[in-house]
Amino acid sequence: MLGKGYDVIFENIQKVTNQLEIDIVATWSDFNQMMAEIAVNPEILEVKTKIEKSTNRVTQTDQLTIGYLVKKILDEKKAEYATKIIEALKPFCQSTKQHELMNDQMVSNTAFLANQSQSALLENALEQVDESLLGTLNLKLLGPLQCYSFSTLEGKDLPF
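Residues numbered from 1 in each chain as written. Predicted model: local features only at pLDDT ≥ 70, side-chain atom pairs only at ≥ 80, totals over all residues. Heavy atoms only, no water.

K.L.:
Explanation requested: the nonpolar core in the structure shown.
P.N.:
Soluble globular proteins: nonpolar side chains tend toward being buried together. Core analysis: the biggest nonpolar cluster contains 31 residues, and W28, I85, L89, F112, L137 and L139 have the highest contact counts within it. Looking at this core, the elements that each hand over two or more residues are β1 (19-28), α2 (31-39), α3 (42-54), α4 (60-89), β3 (106-115), α5 (119-132) and β4 (137-145). The leading source of residues in this core is α4, at nine residues. What I85 contacts, discounting residues up to four positions off in sequence, is I24, A26, F112, V129, L137 and L139. (Core = buried A, V, L, I, M, F, W, Y, C linked by side-chain atoms within 4.5 Å. Buried < 20%, exposed > 50% of the residue type's maximum accessible area, 1.4 Å probe, protein only. Helix = DSSP H or I, 4+ residues; strand = E, 2+ residues; numbered from the N terminus. Contact = heavy atoms within 4.5 Å.)

K.L.:
Quick question: what am I supposed to make of the confidence of the model for the protein chain here?
P.N.:
Caution applies to low-pLDDT parts of the model: their predicted coordinates are not meant to be read in detail. For the protein chain, the average pLDDT comes to 89, and 97% of its residues sit at 70 or higher. Highest mean pLDDT in the protein chain belongs to β3 (95); lowest belongs to helix α1 (residues 6-16) (81). (pLDDT = per-residue confidence, 0-100.)

K.L.:
What's the story with the side chain of S108 in this structure? I'm lost.
P.N.:
Within the secondary structure layout, S108 lies in strand β3. One polar contact links S108 to T110, side chain to side chain, over a distance of 3.0 Å. The contacts of S108, once residues within four sequence positions are left out, are I24, V25, A26, A82, Q98 and L101. (Polar contact = N/O pair within 3.5 Å; in protein donor to acceptor, adjacent residues only side chain to side chain.)

K.L.:
Even after reading the chapter, I still don't get the pairing of β3, so can you show me in this structure?
P.N.:
A regular strand carries its side chains on alternate faces of the sheet. With respect to burial, β3 is a largely interior element, nine of its ten residues being buried. As defined by bridge partners, β1 adjoins β3 across nine bridges and the pair is classed as antiparallel. Counterpart to L20 in the pairing with β3 is A114. As judged from the four bridges shared by strand β2 (residues 95-98) and β3, these two strands associate in the antiparallel manner. (Pairing = 2+ DSSP bridges.)

As structure tokens, this is what we get:
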């Protein structure tokens, strides 16, 4: 396997030499406050007013409509904040990779591939982003890590 895969293995090793992965996880610092802001969003208020005018009771369909709208607005806010973080850190890394969000309170879960010499600059940029967000998000830096998100080789025993 090593003999036949040497070129692929060597290429991947070269790709991550002097590189490191830094993961940034962002969560809402006050999720309840964010939901309160969404509750007074003009789109939400408009739907609520229509529901109140059309009937005396809220149906399950009405609840679903508002729920989908809340999720849409929350997802838009998450995307806006995630973009701010990525744009601020992008000059100090070669690549980024989005990881899955584990719950509604998680705004961003991004891996950054950076040259080892750029890691201090990336961390300084993260501090500036954190200050500019005025406490809206909790930012957690995980790393430096091996470049698992950017280079993984899997060997399989093939029956031939």
